[in-house]
Amino acid sequence: MIAGLILAAAMAAAPVAPPVAEPDWKLVWSDEFGSSRIDRRKWDFDVDCAGGGNEERQCYTARRSNASVGGGYLSITARRETWHGPAQMHGQPGSTGGAKEATKSFTSARLVTRGKASWRYGRVEVRARLPLGQGSWPAIWMLPEKWRYGSWPRSGEIDIMEAVNLGTPCVKCAGGRENHVLGTIHFGDHPPANKYLSTEVELSGAIDGFHTYRVDWSPERIAWSVDGRPYVERLLGEWSTPTSTDPHAPFDQPFHLILNLAIGGHLPEGRNLGGVSLSGFPRSMQVDWVRVWQRQDELASPDRSKGAEWDGVAKR
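**Here we look at the side chain of Thr243**
Here Thr243 shows up in the loop between β15 (229–235) and β16 (255–263). Judged by relative accessible area, Thr243 falls into the buried class, the value being 5%. Among the polar contacts made by the side chain of Thr243, one reaches the main-chain carbonyl oxygen of Tyr149 at a distance of 2.8 Å.

**Concerning the layout of surface pockets**
By volume, the largest pocket amounts to about 750 Å³. Of all the elements in the fold, those that place two or more residues in the lining of the largest pocket are β9 (136–144), β10 (157–162), β11 (180–188), β12 (194–202), β16 and α2 (266–269). Ranked by residue count, the leading element in the lining of the largest pocket is β9, at four residues. Here the lining of the largest pocket is built from residues that sort into 13 nonpolar, 13 polar and six charged.

**Observations concerning the environment of Gln253**
Tracing the backbone through its elements, the reader meets Gln253 in the loop between β15 and β16. The buried category is assigned to Gln253, whose relative accessible area is 5%. For Gln253, the side chain forms a polar contact with the side chain of Tyr149, separated by 3.2 Å.

Conventions used here
Residues numbered from 1 in each chain as written. Predicted model: local features only at pLDDT ≥ 70, side-chain atom pairs only at ≥ 80, totals over all residues. Heavy atoms only, no water. Helix = DSSP H or I, 4+ residues; strand = E, 2+ residues; numbered from the N terminus. Buried < 20%, exposed > 50% of the residue type's maximum accessible area, 1.4 Å probe, protein only. Polar contact = N/O pair within 3.5 Å; in protein donor to acceptor, adjacent residues only side chain to side chain. 1 Å grid on protein atoms, 1.4 Å probe; cavity = no way out; pocket = protein on both sides within 12 Å on 5 of 7 lines; lining within 4 Å. Points joined across faces, edges and corners; volume = space filled by probe spheres on them. Nonpolar A, V, L, I, M, F, W, Y, C, P; charged D, E, K, R; others polar.

Pasting the structure below:
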């Protein structure tokens, strides 16, 4: 892991980038993390030991030791410690049942705007520094606010950025160290009939530095970029859901934002060195700012999901 002095210098050198409006775009929501506490008007916490549906090894808590604001940054910190809590995920249909409680070997945090802010179309930008180490799985992503088309993945998932095992040995990576991030959408029917489209891109510059991750989401297109560099787009016709014949579904509904740092799980443990390294803890993901923009026509367009809550019956 990076020595403390190097990390402190890198964070101190991070430039402050004020929001810059583009023609026809409006900043509709943001958090610059300029206060001393997490703004609970904007963020809620998921508190559980459910493993994220991926057999992850952390419990999510609302403790300051796992999520805090200071020095202009949000820090989400994973710690190596035994914790016990609910085994059901929050806010997702079909996530109940099975064991009621679970015990995990790590703690971390998962912040959500669910119930506080969600958007249908727009541009989401997040400037963040990601942790290194085998088993680290930081993510910036979005889930449906109302699950209009049914439980996961029928109502979709938009992953703005995921990274696993950054800094670990990687033969195909520049410098021989893992330096990829992923942009993904999930859709389709319930597993094993679920589908996804995912693309990896190498980070330019320091993998342990700050980078800006962005998704541009419109009715016909979802596109990803890092540091202003586009690397993949998905077009209307590439996604679908079995509970609607509308080609825009399921990505035509409001989605809320999620910031989290998982430890372990199927994706990181199956790559690079395998499993989870027990060294380098605590590991932290720092977020400089989060900004959501929408075009004027998106602000004016009607919300077709208004009042539609998933109740187990497909809405058409």
